[in-house]
Amino acid sequence: MKINYRFMRLMVFFDLPTVTSENRRNYRKFRKNLILNGFFMLQESVYCRMVINEAMARSVVARIESFKPPAGMICVMAVTEKQFANISFIIGESQSDVITTDKSLVII
């Protein structure tokens, strides 16, 4: 008997308020729960996790609903592993506010 797994990726996009200390605490708690549930960060406020089928995806989404913060918006999108493999990563040059040369150094 051959078991047909349909690997998928769950992508979580969220926009949570961080105005008050309680908002920031809820943000940290939500992010920590995502990581504890197997998600990794693709970029800020975008987390991803692999699941083996749609039933597991529904289970993970239900778990996310159980620890969602009281304010903000959370979106979950499921894509197949094949679709996820076609993501193009376009990365620009890293910029920093740290001065690494003495060209712009002014001594008074």
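Data block above holds the structure.
Report follows, based on the coordinates. (Residues numbered from 1 in each chain as written. Predicted model: local features only at pLDDT ≥ 70, side-chain atom pairs only at ≥ 80, totals over all residues. Heavy atoms only, no water.)

### Brief notes about the pattern of salt bridges
All chains considered together, the criterion is met by one salt bridge. Between Glu81 and Arg9 there is a salt bridge, and its shortest N-O distance comes to 2.8 Å. Taken together, the residues span a long stretch of sequence, with Glu81 in helix H3 (residues 81-85) and Arg9 in strand E1 (residues 8-15) at a distance of 72 residues. For Glu81, a relative accessible area of 24% translates into the label partly exposed. Of the residues examined, Arg9 reaches a relative accessible area of 12% and is grouped as buried. (Salt bridge = Lys/Arg side-chain N within 4 Å of Asp/Glu carboxyl O. Helix = DSSP H or I, 4+ residues; strand = E, 2+ residues; numbered from the N terminus. Buried < 20%, exposed > 50% of the residue type's maximum accessible area, 1.4 Å probe, protein only.)

### Considerations on the pairing of strand E3 (residues 46-51)
Most of E3 sits out of view: five of its six residues are buried. As defined by bridge partners, E1 adjoins E3 across six bridges and the pair is classed as antiparallel. For Met11, the partnering residue across the bridge sits in E3 and is Cys48. The antiparallel hairpin formed by strand E2 (residues 40-43) and E3 contains two residues in its connecting segment, where Ser45 sits at a positive phi of about 65°. (Pairing = 2+ DSSP bridges.)

### Structural notes on helix H1 (residues 21-36)
Over its 16 residues, H1 extends 22 Å from the first C-alpha to the last, a length consistent with the 22 Å expected when each residue adds 1.5 Å. On its buried face, H1 sits against E1, E3, helix H2 (54-66) and strand E4 (73-80). At the exit of H1 stands Gly38, carrying a positive phi of roughly 90°. (Expected span 1.5 Å × (residues − 1). Contact = heavy atoms within 4.5 Å.)

### Concerning the nonpolar core
Here is a general trend for soluble globular proteins: nonpolar side chains tend to be buried in one another's company. Val12, Phe14, Phe30, Leu34, Phe39 and Ile64 are the most contacted members of the largest nonpolar core, which totals 14 residues. When residues of this core are traced back to their parent elements, those giving at least two are E1, H1, E3 and H2. The element that contributes the greatest number of residues to this core is E1, accounting for four residues. In contact with Ile64, not counting residues within four places along its chain, are Val12, Phe30, Leu34, Phe39, Ile74 and Val76. With five residues, the next largest nonpolar core counts Val46, Cys48, Val79 and Phe84 among its residues. (Core = buried A, V, L, I, M, F, W, Y, C linked by side-chain atoms within 4.5 Å.)

### So, the sheet that holds E2
Pairing is antiparallel across the open sheet formed by four strands, whose spatial order is E2-E3-E1-E4. The open sheet has two edge strands with one neighbour each: E2 and E4. On average, adjacent strands in this sheet sit at an angle of 30° to one another, irrespective of strand direction. Against the sheet, H1 touches E1, E3 and E4, its axis set at about 175° to E1. The strands that H2 touches are E1, E3 and E4; relative to E3, the one it contacts most, it runs at about 140°. (Axes fitted to C-alpha atoms, helices over the stretch in contact; angles between N-to-C directions.)

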